[in-house]
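If you want the building blocks of each chain, they are given just below.
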Amino acid sequence: MIYYETLSKDELKNEIEALENRYNAFKGQKLKLDMTRGKPCSDQLDICMDMLDIPAKDLRRSADGTDCLNYGVLDGLPEAKALFAEMLEVDANEIIIGGNSSLNLMYDTVARAMSLGITGEIPWSKQEKVKFICPSPGYDRHFAICELFGIEMITVDMRQDGPDMDTVEKLVAGDEAIKGIWCVPKYSNPDGITYSDEVVDRFAALRPKAKDFRIFWDNAYCVHHLSDKPDMLKNILTACKKAGNENMVYMFASTSKISFPGAGVAVMASSTGNISSIKKSLTIQTIGHDKINQLRHVKYFRNLEGITLHMKKHAGILKPKFDMVLEILEEELGGKGIASWNKPNGGYFISLNTLDNCAKEVAKLAQEAGVALTKAGATYPYGKDPLDKNIRIAPTMPPVEELKKAIEIFAICIQLVSAKKIMEIA
Ligand code: PMP
C-alpha cells in the first residue's frame with residue numbers, strides 16, 4: 001500500500017505513468033457505462049412482476065365496498081392507509097396516500113406553502129425571504145425544488161449521525177425566514193447514514209422562530225436494508241408529539257424502490273391537524289388518486305412483513321453489487337490517503353470524498369473514458385460543492401460486469417487526479 005503524499009516526485013511520476021496506461025486501455029474500449037442515478041436494475045423490477053398478474057376482478061372493490069374503478073376517496077383506501085401506517089409507524093388517520101411519486105408530494109407541499117401558506121400564516125411567496133436548511137451532501141432533487149421557487153438554501157454539514165444539530169438549532173431559533181429543512185433520515189442519499197436517536201430528539205425539540213417552519217422528513221429508504229442488522233430510526237412524529245411539537249414534521253415515502261419507480265404508491269404522514277389542513281386544498285386539487293394501484297399494492301404486500309420479505313429479495317440482488325464496489329474501492333484506493341467513502345447498511349448509494357478540488361476533474365476524466373457519474377457538485381445546493389470533493393456512486397442499475405469496469409475506471413481516475421494534484425503541490 002502506498003500513501004500518496006509520502007511518494008517522491010519520481011515515484012509519483014512512475015505511478016502516474018502506470019495509471020495512464022491503465023486508463024488509456026479502458027478508454028480504447030469505447031465503453032458506455034452509466035452510474036448517474038439511483039434506479040433499480042431490471043432484475044429488481046422482475047421480482048415484482050407478479051403484482052401485475054393480480055386479476056382485474058380482485059382490484060375492483062376495496063374492503064369497504066368502494067368501487068376502485070370510479071372517482072372518490074381523496075386521501076387513500078383504508079387498507080392502503082393501514083399498510084403505510086404500519087410501514088411509517090404512524091396512525092392510519094395521520095396518512096394521506098398520494099399518486100405515484102413522493103417527490104411530487106414534496107413539491108406540492110412546498111408549492112402549497114408558497115401559494116396558500118401553512119395554517120393561517122402568510123404564504124411563503126408573500127414573505128420577504130424564505131430559506132431552507134439543506135444538510136449536505138444531500139438529494140439534488142430536494143435542492144432543485146428550492147431553487148425553482150427561489151427559496152434560499154443554507155448548507156449545513158452532515159455528520160456520521162445526521163446533520164450538524166448545533167448549527168441547525170441556532171439557525172432555526174434565530175431566523176424567522178427559515179421555513180424548512182430537508183432530511184433523508186434513513187440510509188441517507190447519498191451518505192447512507194441513519195440519524196441517531198439523539199439527532200431525532202433534537203429535531204423534535206427544535207424551537208423555530210417561524211411558526212410555519214416544517215421538517216421535510218423524506219423517509220425514501222425506510223425499508224431498504226442491505227444488512228441482516230438494519231439501522232434503526234427513531235420515530236420523529238412520536239418524538240415531536242412528546243416534545244409538544246406535533247405539527248412540525250411532514251413525513252414522506254413511496255414504493256418507488258419497493259415495487260416500481262413511476263408506478264408505485266406515494267404517501268405522506270403528519271399530525272392530524274396538518275393532515276386535515278392539507279386535505280382542504282387537496283380536495284380542490286384532485287378528486288382522488290389511483291385506487292386500483294393502491295389496492296394492487298395492498299393485495300400484493302398485505303402488511304409490513306410482506307414488504308420486509310420482498311425487500312430481502314432486493315437486498316439479495318443489491319448486496320453483491322455494493323460489496324463488489326466496496327472491495328474494488330478498498331483494493332484500488334485503500335491506505336493511499338486520497339479518498340474516503342461510506343459503507344452503508346442500506347439505501348441506494350455510496351458517497352465518496354476525494355481530496356479537495358478533485359471531484360469535478362475525476363468526473364470529467366471518467367466521462368471521457370465512457371463512465372457517466374452523477375454530476376460532481378450535484379449533492380450540494382446550487383450544484384456547488386464548496387470543497388469540490390463529493391461524488392455519489394449509484395451502484396444499483398448497471399449489470400455486475402459493467403459496474404465492475406465502471407468502478408475500476410472511476411478508481412483509476414481518482415488515483416490519477418490525486419497523484420497529479422499532489423505532484424503539483426510537491
Ligand atoms: N427521495 C429520495 C431521497 C430519493 O432518493 C428519491 C429517488 N431517487 C425520491 C425521493 C423520489 O421518490 P419518488 O419516486 O417517490 O418520487
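Computed from a predicted structure; not experimentally measured. (Residues numbered from 1 in each chain as written. Predicted model: local features only at pLDDT ≥ 70, side-chain atom pairs only at ≥ 80, totals over all residues. Heavy atoms only, no water.)

Draft legend 1. Focus on the pattern of salt bridges. Considering all chains together, one arrives at 21 salt bridges under this definition. For Lys57, the salt bridge goes to Asp58, with nearest N and O atoms at 3.5 Å. What makes Lys57 exposed here is its relative accessible area of 65%. Overall, Asp58 belongs to the partly exposed group, its relative accessible area being 29%. With a closest N to O distance of 3.9 Å, Arg61 and Asp67 form a salt bridge. Under the relative-accessibility criterion, Arg61 is labelled partly exposed at 46%. With a relative accessible area of 17%, Asp67 lands in the buried category. Connected through shared salt-bridge partners, Asp166, Glu169, Glu198 and Arg202 make up one network. (Salt bridge = Lys/Arg side-chain N within 4 Å of Asp/Glu carboxyl O. Buried < 20%, exposed > 50% of the residue type's maximum accessible area, 1.4 Å probe, protein only.)

Draft legend 2. Region of interest: the site of the ligand. Neighbouring the ligand are 13 residues, the closest being Ser102, Asp218, Tyr221, Ser254 and Ser256. Between an oxygen atom of the ligand and a side-chain N or O atom of Ser101, the distance comes to 2.8 Å. At 3.0 Å from an oxygen atom of the ligand is found a main-chain nitrogen or oxygen belonging to Leu103. Surface burial for the ligand is 88%, taken as the share of its 400 Å² of free accessible area covered by protein chains. Per-element tally for the shell around the ligand: the top contributor is helix H4 (residues 102–115), with 3 residues. (Near = heavy atom within 4 Å. Polar contact = N/O pair within 3.5 Å; in protein donor to acceptor, adjacent residues only side chain to side chain. Areas by Shrake-Rupley, 256 points an atom, 1.4 Å probe, with all protein chains shown as cover. Helix = DSSP H or I, 4+ residues; strand = E, 2+ residues; numbered from the N terminus.)

Draft legend 3. Up close: the packing of aromatic side chains. One pass over the full model with this rule turns up 13 aromatic pairs. Centre to centre, the rings of Tyr300 and Phe301 are 5.1 Å apart; their planes meet at 80°, and the pair counts as edge-to-face. For Tyr300, a relative accessible area of 22% translates into the label partly exposed. On the accessibility criterion, Phe301 (3% relative accessible area) is buried. (Phe/Tyr/Trp six-rings, centres within 6.5 Å; stacked < 30°, edge-to-face > 60°.)

Draft legend 4. The arrangement of the environment of Lys299 in detail. On the secondary structure map, Lys299 appears in helix H10 (residues 291–301). Lys299 sits in the partly exposed class, given a relative accessible area of 35%. As a C-alpha pair, Lys299 and Glu79 span 220 residues in sequence and 9.4 Å in three-dimensional space. What Lys299 contacts, discounting residues up to four positions off in sequence, is Ile54, Asp58 and Leu59. (Contact = heavy atoms within 4.5 Å.)

Draft legend 5. Just the packing of helix H1 (residues 9–27) against helix H13 (residues 400–425), in detail. Here H1 crosses H13 at 150°, and the two axes come no closer than 9 Å. Taken together, the axes of H1 and H13 are roughly antiparallel relative to one another. Crossing of H1 over H13 shows left-handed handedness. When H1 is examined against H13, the residues Lys9, Leu12, Lys13, Glu15, Ile16, Leu19, Glu20, Arg22, Tyr23 and Phe26 are found in contact with a partner set consisting of Lys405, Glu408, Ile409, Ile412, Cys413, Gln415, Leu416, Ala419, Lys420, Ile422 and Met423. (Axes fitted to C-alpha atoms, helices over the stretch in contact; angles between N-to-C directions. Parallel < 35°, antiparallel > 145°, perpendicular 65-115°, else oblique. Left-handed = near helix turned anticlockwise from the far one by under 90°.)

Draft legend 6. Broad picture of the pairing of strand E9 (residues 266–269). Burial along E9 is two-sided: the face carrying Ala266 and Met268 and the face carrying Val267 and Ala269 are both buried. Bridge count between strand E2 (residues 95–97) and E9: 3 bridges; the pairing is antiparallel. Its bridge partner lying in E9, Ile96 is registered against Met268. Summarising the sheet, strand E8 (residues 249–254) and E9 pair through 4 bridges and their orientation is antiparallel. Following the sheet pairing, Ser254 is matched in E9 by Ala266. (Pairing = 2+ DSSP bridges.)

Draft legend 7. Focus on the packing of helix H3 (residues 78–88) against H10. Packing of H3 against H10 brings their axes to within 9 Å, and their N-to-C directions diverge by 55°. Accordingly, the angle class assigned to the pair H3 and H10 is oblique. For the crossing formed where H3 meets H10, the hand is left-handed. In this structure, H3 uses Glu79, Ala80 and Leu83 to contact H10, whose residues at the interface are Gln294, Leu295, His297 and Val298.

Draft legend 8. Structural context of the nonpolar core. In this structure, Tyr195, Phe203, Ile215 and Trp217 are the most contacted members of the largest nonpolar core, which totals 57 residues. The biggest single contributor to this core is H3, with 6 residues. Residues within four places of Phe203 in sequence aside, it is in contact with Pro163, Met165, Val168, Ile181, Cys183, Tyr195, Ile215, Trp217, Ile236 and Met248. Membership of the second largest hydrophobic core comes to 56 residues, among which are Leu31, Val362, Leu365 and Ala394. (Core = buried A, V, L, I, M, F, W, Y, C linked by side-chain atoms within 4.5 Å.)

Draft legend 9. Representation of the confidence of the model for the protein. Averaged over all residues, the pLDDT of the protein is 96; the fraction at 70 or higher stands at 100%. What the predictor reports for the complex is a pTM of 0.97 with an ipTM of 0.99. (pLDDT = per-residue confidence, 0-100.)

Draft legend 10. Structural detail: H3. The buried fraction of H3 amounts to 8 of the 11 residues, a majority that puts the element mostly inside the structure. Taken residue by residue, H3 has Glu79, Ala80, Lys81, Leu83, Phe84, Ala85, Met87 and Leu88 as its buried positions. In the core, the buried residues of H3 are packed alongside E2, E8, E9, H10 and helix H11 (304–333). The first or second residue beyond H3 is Glu89, which carries a positive phi of 55°.

Draft legend 11. Examining the sheet that holds strand E10 (residues 339–341) more closely. Pairing is antiparallel in the open sheet, where 3 strands are placed in the order E10-E11-E13. Taken across any chain shown, the strands that pair with only one partner, and hence form the sheet edges, are E10 and strand E13 (390–393). This sheet shows a mean twist of 25° between the axes of neighbouring strands, independent of strand direction. Direction of pairing for E10 relative to strand E11 (residues 350–354): antiparallel, over a ladder of 3 bridges. Pairing of Ala339 across the sheet is with Thr354, part of E11.

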